[in-house]
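Here are the chains, one letter per residue:
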Amino acid sequence: MVSTSAIQCACLVLLLVTINKVQAQSKVYNVLEHGAVADGKFDNSKVLSEVWNQSCHQNTGGGVILFPQGTFMVAPVVLQGHCKGPMELQVQGTLQAPVDVQSSVGVDHWISFRYVEHFVIHGGGLLDGRGASAWGKSKALPTTLRLDFVSHASIRQITFLNSKNTHIKIFTCSVVVISNINISAPGDSPNTDGIKVSNSKYIQILDSVISVGDDCIACLPNSKNINITRVHCGPGHGFSIGSISRGAVTNLNIRNSSLVGTQNGVRIKTKAYPSQPGNVAYITFEHIEMDNVGNPIIIDQNYCPDHGCSGKESSQVQIKNVKFNNIWGTSRTKTAVNFNCSQSKPCHEIELRDIDLNYRDGGPANSSCSYVDGKAYGKQNPPSCL
Ligand SMILES: *[C@@H]1O[C@H](CO)[C@@H](O)[C@H](O)[C@H]1NC(C)=O
Ligand SMILES: *[C@@H]1O[C@H](CO)[C@@H](O)[C@H](O)[C@H]1NC(C)=O
Ligand SMILES: *[C@@H]1O[C@H](CO)[C@@H](O)[C@H](O)[C@H]1NC(C)=O
Ligand SMILES: *[C@@H]1O[C@H](CO)[C@@H](O)[C@H](O)[C@H]1NC(C)=O
Ligand SMILES: *[C@@H]1O[C@H](CO)[C@@H](O)[C@H](O)[C@H]1NC(C)=O
Ligand SMILES: *[C@@H]1O[C@H](CO)[C@@H](O)[C@H](O)[C@H]1NC(C)=O
């Protein structure tokens, strides 16, 4: 007994010493002390890049880059690792993207992090993409925040406003936790998705509010081990897997979330043409409230964005083992549950459990099944077609 607690005690002391050591070495860079100007006009991107390079490449203890209260204009910037220690971007004030549309066209990022391990963005501040003047003028507009090849990262307590394009893109990342963020853009702003995840694994999106003009969250190939929990979506196009034409999305759970006034609720969307083999499997949607949602539960494997479907093409992506559990609320269209699967690769092992969706305009809702097999349990409103 004594020796066990002695060991535990020694371990704790060692742990505390290690933590203190890390904190002691992590230097705080207040950008105002490095030439930044908080007047909303001066371009602070060079200051940010310099400070990043210093703290990332020189300090083994990493660094904290602090934007205090104030409005800082920042032109598109790429911040690159690998860093010698953990990095932190603390935004207390507002970062503003340039308003000029011409200089934004063809630039794929506003603030971009690449090859960074152990990284936090937080601080309670605002990233204002100032997209309004650019919306609809081009499809090649900057994403507000990109993480490419990043691992062990956390984004929390930040507001994202009016991105010119997608607000957050997660590409080739692992172990990323996004929590307590607020993403906000008008419901009619084009291509302003909330969060897009692709080629990534071990991603959590928690306790956040997303109001946008496109998908609140879109999961794209090749992604796995994703949990989305207690996220509110609306306005927006809903939570989406896809659209995809090949590749895999597996082990995804969307739980305890809500949608209000969105175009779709939970959706899996694959292209009928062009299409290559792929799979979407081990997906759970549960404890989800829908209020006035266009297509609350939808699998659409007959999506042909380019020239419409001829009816001869069909998706090669196999969808299997998808569970819809405890989903309730109101549908804006009559067909509240729609499984429109692939003729050549029918949906397999689809499960509906405790569904209660009413047609908003009165009368019963219905469900539609094509090329799908599965089972229904518990309450089924609309009556299940499985
Ligand atoms: C920071 O380092 C990157 C290379 O990692 C370089 O391209 C960039 O110009 C540097 N920034 C400044 C302001 O020197
Ligand atoms: C999210 O941010 C927008 C824009 O700042 C604000 O209007 C809205 O109230 C915020 N929502 C929440 C839930 O904090
Ligand atoms: C997601 O949730 C499942 C089930 O609760 C859990 O086993 C898994 O570890 C979670 N994954 C991540 C990346 O948080
Ligand atoms: C989700 O909601 C269910 C039902 O209300 C509850 O039992 C469960 O603990 C919640 N889970 C999480 C992860 O919030
Ligand atoms: C299924 O998809 C096809 C092709 O887009 C479409 O014509 C049809 O109306 C859809 N069925 C349902 C029930 O939505
Ligand atoms: C569901 O209702 C729609 C709209 O009234 C109708 O077009 C469709 O045929 C119905 N589907 C089924 C499977 O009953």
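No experiment lies behind these values; they were computed from the predicted model shown.

Undergrad: Can you tell me about the overall build of the protein, naming the residues and giving the values?
TA: Helix and strand content of the protein: two helices and 28 strands. Taken over the C-alpha trace, the protein has a radius of gyration of 23 Å; the compact-globule value for 386 residues is 21 Å, and the two agree within 12%. In terms of overall dimensions, the protein has a C-alpha envelope of 70 × 65 × 40 Å along the principal axes. When each of the 386 residues of the protein is scored for burial, the buried share is 50%. Excluding contacts between residues fewer than 6 apart, the proportion of contacts in the protein whose partners are at least 24 apart in sequence is 76%. Accessible surface for the protein amounts to roughly 16,300 Å². Of this, 51% is attributable to carbon and sulfur atoms. Measuring between centres, the 32 positive side-chain charges of the protein sit 5 Å from its 27 negative side-chain charges.

Undergrad: Give a description of the site of ligand 6 that names residues and reports values.
TA: In the vicinity of ligand 6, the residues found are Lys334, Thr335, Asn366 and Ser367. One nitrogen or oxygen atom from the side chain of Asn366 is found 2.3 Å from an oxygen atom belonging to ligand 6. For ligand 6, the protein covers 36% of the area, taking 360 Å² as the surface of the free molecule. Counted by class, the shell around ligand 6 contains no nonpolar, three polar and one charged residues.

Undergrad: Can you break down the domain arrangement of the protein residue by residue, with the values?
TA: Domain parsing of the protein yields domain 1 (1-210) and domain 2 (238-386). Between domain 1 and domain 2, the C-alpha centre-to-centre distance is 33 Å.

Undergrad: With reference to specific residues and values, describe the state of the cysteines.
TA: With the rule as written, the count across this model stands at five disulfides. At a sulfur-sulfur separation of 1.9 Å, the disulfide partner of Cys304 is Cys309. The sign of the 95° torsion about the S-S bond sets the Cys304-Cys309 disulfide as right-handed. Residue Cys304 is classed as buried on the basis of its relative accessible area, which comes to 11%. Owing to a relative accessible area of 38%, Cys309 belongs among the partly exposed residues under this scheme. In this model, Cys341 is linked to Cys347 through a disulfide, with the two sulfur atoms separated by 2.0 Å.

Undergrad: Requested: an account of the site of ligand 1, with residues and values cited.
TA: Lining the immediate surroundings of ligand 1 are Lys46, Ser49, Glu50 and Asn53. Note that a nitrogen atom of ligand 1 is positioned 2.9 Å from one of the side-chain N or O atoms of Ser49. Between ligand 1 and the protein, one listed contact pairs an oxygen atom with a side-chain N or O atom of Asn53 at 2.3 Å. Expressed as a share of its isolated accessible area of 370 Å², the protein-covered part of ligand 1 is 43%. Taken together, the residues of the shell around ligand 1 break down into no nonpolar, two polar and two charged.

Undergrad: How would you sum up a nonpolar patch on the surface? Please name residues and give values.
TA: Taken together, Tyr115, Phe149 and Phe171 make up a surface patch of nonpolar side chains, about 240 Å² in accessible area. Position of Phe171 among the secondary structure elements: in strand S12 (residues 168-171).

Undergrad: Run through unusual backbone geometry, naming residues and quoting values.
TA: The omega torsion of the bond from Gly81 to His82 falls at 0°, within 30 degrees of zero and hence cis. The residue His82 is located in the loop between strand S5 (77-80) and strand S6 (87-91) in this model. The omega torsion of the bond from Pro221 to Asn222 falls at -20°, within 30 degrees of zero and hence cis. Notably, Asn162 is not glycine yet its phi reads approximately 45°, a positive angle. As for its placement among the helices and strands, Asn162 is situated in the loop between strand S11 (159-161) and S12. Its identity as a non-glycine residue notwithstanding, Asn191 has a phi of 60°, on the positive side. Turning to its location among the elements, Asn191 is positioned in the loop between strand S14 (182-184) and strand S15 (195-198). The class of Asn191 is partly exposed, set by a relative accessible area of 31%.

Undergrad: Give a description of the packing of aromatic side chains that names residues and reports values.
TA: Under the defined criterion, the tally for this structure stands at eight aromatic pairs. Pairing Phe149 with Phe171 gives two aromatic rings, centres 5.8 Å apart and planes at 85°, and the pair type is edge-to-face. With Phe149 in strand S10 (residues 143-156) and Phe171 in strand S12, this pair connects stretches of sequence that are 22 residues apart. Residue class for Phe171 comes out partly exposed when judged on its relative accessible area of 31%. When the centroid spacing of 5.6 Å and the interplanar angle of 40° are considered together, the rings of Phe324 and Phe339 count as tilted. Of this pair, Phe324 sits in strand S24 (residues 317-331) while Phe339 sits in strand S25 (residues 335-340), placing them 15 residues apart in sequence. An aromatic cluster of three or more residues is present, and its members are Trp52, Phe113 and Phe119. One Lys or Arg, Lys269, reaches over the ring of Tyr303 and ends 3.8 Å from the middle of that ring.

Each value, and the rule that gives it
Residues numbered from 1 in each chain as written. Chains lettered and ligands numbered in written order. Predicted model: local features only at pLDDT ≥ 70, side-chain atom pairs only at ≥ 80, totals over all residues. Heavy atoms only, no water. Helix = DSSP H or I, 4+ residues; strand = E, 2+ residues; numbered from the N terminus. Rg over C-alpha atoms; globule rule 2.2 N^0.38 Å. Buried < 20%, exposed > 50% of the residue type's maximum accessible area, 1.4 Å probe, protein only. Contact = heavy atoms within 4.5 Å. Areas by Shrake-Rupley, 256 points an atom, 1.4 Å probe, with all protein chains shown as cover. Lys, Arg positive; Asp, Glu negative; His and termini not counted. Charge placed at Lys NZ, Arg CZ, Asp CG, Glu CD. Near = heavy atom within 4 Å. Polar contact = N/O pair within 3.5 Å; in protein donor to acceptor, adjacent residues only side chain to side chain. Nonpolar A, V, L, I, M, F, W, Y, C, P; charged D, E, K, R; others polar. Domains from an automatic or database assignment. Disulfide = S-S within 2.5 Å. Patch = residues over 30% accessible without salt bridge, like charges linked within 9 Å, V, L, I, M, F, W, Y side chains within 5 Å. Salt bridge = Lys/Arg side-chain N within 4 Å of Asp/Glu carboxyl O. Phe/Tyr/Trp six-rings, centres within 6.5 Å; stacked < 30°, edge-to-face > 60°. Lys NZ or Arg CZ within 6 Å of the ring centre and 35° of its normal.

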